[in-house]
Amino acid sequence: MSPTHPTSDDTPDTRPDDTAPATRDAPPIRLRHIGFADPLRWLLRGLHDYLAHPAISLFYGVCFMAMGWTLMKVYENAPAYTMALSAGFLLMGPFFCMGLYQMSMRLERGLVPDFGDSLTAWDTRTGQMAIFGFVLLVLEMLWGRATMVIFAVSFDGMPDLKGSLLALLDPENLGFIVTYLGVSTLFGGLIFSISVVSIPMMLDRQVDAITAGLTSLRLVLNQPVVMVWWAVLIAVLMVLAMLPWFLGLLFIGPVVGHASWHAYRATVIDEGSDEADTSA
């Protein structure tokens, strides 16, 4: 028999309280083993959540598209920043997708998602989210600065956006290409590693930003092949979504956001679970 779906007005707030003290001497957070097919399942579940309440999901898609337009407009004369911040925007997606995580969490618990509730998903974890956001901001600033330095020492002045893209495709600029991709991989990989499941975890349970970030990093280090596959899927989908004037973000952005919640739920074992998975 299907569960009753109460309205948001009848449902107590199930989110963790940021002011509540963390449990001491808690057992280590355990992780599940995952396979190559699992990221595809996460995407299918993300699609299901999108279709369950498309109006709310579409709102976040419009926000993603507007942010893409804003980035292109503001940084159209500074292509190095545009490229670095665009990549960072994709990797910081989990931080901007908290409303989508909140929707998926309520659907999973048999509750009806509420638009206002999704907009304020951050309000009970403000302190920890601020700490984590600051870490991401610092990494983004370092990434942007490193990219600017690479462009500055590789070319006579800063090329325009078209020139930057041509430079990345020109075999004569092999040294620049290798350096640029190496720096992007370093910062992008670090941001992805600490954020892939950390923000959904902070939304779902009483953990601090450091614990969540380290758990996320441990997941990537313990299962690097599958998590790299997940990162590649996200990157390919988001790049494809950006090509037609960011219009694809209306659909792909929210689906990936919902899927990221399911990635967290599939990889991090519930507290008190009796599963036999071990964590390294």
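Rules behind the numbers
Residues numbered from 1 in each chain as written. Predicted model: local features only at pLDDT ≥ 70, side-chain atom pairs only at ≥ 80, totals over all residues. Heavy atoms only, no water. Helix = DSSP H or I, 4+ residues; strand = E, 2+ residues; numbered from the N terminus. Buried < 20%, exposed > 50% of the residue type's maximum accessible area, 1.4 Å probe, protein only. Contact = heavy atoms within 4.5 Å. Areas by Shrake-Rupley, 256 points an atom, 1.4 Å probe, with all protein chains shown as cover. Expected span 1.5 Å × (residues − 1). Salt bridge = Lys/Arg side-chain N within 4 Å of Asp/Glu carboxyl O. pLDDT = per-residue confidence, 0-100. UniProt positions renumbered as here; feature names shortened; annotations may be inferred. Core = buried A, V, L, I, M, F, W, Y, C linked by side-chain atoms within 4.5 Å.

Draft legend 1. Local environment of the overall build of the chain. Helix and strand content of the chain: 13 helices and zero strands. Split into buried and exposed, the 280 residues of the chain put 46% on the buried side. The long-range share in the chain, meaning contacts at least 24 apart out of those at least 6 apart in sequence, stands at 80%. Of the accessible surface of the chain, which amounts to about 14,200 Å², a share of 69% is contributed by carbon and sulfur atoms.

Draft legend 2. Looking closely at helix α13 (residues 252-267). An ideal rise of 1.5 Å per residue puts 22 Å on 16 residues; α13 measures up with 22 Å between its terminal C-alpha atoms. Across the 16 residues of α13, 15 count as buried, placing the element largely inside the fold.

Draft legend 3. Fine view of unusual backbone geometry. Residue F246 is not a glycine yet carries a positive backbone phi of 70 degrees. Inspection of the secondary structure assignment puts F246 in the loop between α12 (224-242) and α13.

Draft legend 4. Geometry of the pattern of salt bridges. Going through the model one piece at a time under the given rule, you end up with five salt bridges. A salt bridge links D204 to R109, with the shortest nitrogen-to-oxygen separation between them at 2.7 Å. Separated by 95 residues along the polypeptide, D204 in helix α10 (residues 198-204) and R109 in the loop between α5 (98-108) and α6 (115-119) bring together distant segments of the chain. By relative accessible area, D204 is classed as buried at 14%. Given a relative accessible area of 36%, R109 falls into the partly exposed group. Among the charged side chains, a network of salt bridges with common partners joins E108, R265 and D270.

Draft legend 5. How the structure looks around the confidence of the model for the chain. The predicted model of the chain has a mean per-residue pLDDT of 81, with 75% of residues at 70 or higher. Mean pLDDT values for the elements of the chain range from 59 in helix α3 (residues 79-91) up to 97 in helix α1 (residues 38-52). Segment residues 1-12 is flagged for pLDDT under 50; beyond a separation of four residues in sequence, or across chains, it makes twelve contacts in the model. Overall, residues 19-24 carries pLDDT values under 50, and its contacts beyond four positions in sequence, including any with other chains, amount to three contacts.

Draft legend 6. The UniProt feature "transmembrane region" (unreviewed entry) in the chain, seen in detail. UniProt records the feature "transmembrane region" (unreviewed entry) at residues 50-72, 78-101, 131-154, 174-197 and 228-252, using the numbering of this structure. A helix fraction of 96% and a strand fraction of 0% characterise residues 50-72, whose end C-alpha atoms lie 27 Å from each other.

Draft legend 7. Main features of the side chain of Q102. In this structure, Q102 sits in helix α5. Judged by its relative accessible area of 1%, Q102 is buried.

Draft legend 8. Focus on the nonpolar core. Within the largest apolar cluster, 59 residues are counted, with the highest numbers of intra-cluster contacts made by M201, M202, M227 and W230. Looking at this core, the element that brings in the most residues is helix α9 (residues 174-195), giving eight residues. With near-sequence residues (within four places) excluded, M201 lies in contact with I29, V207, A212, T215, Y264 and V268.

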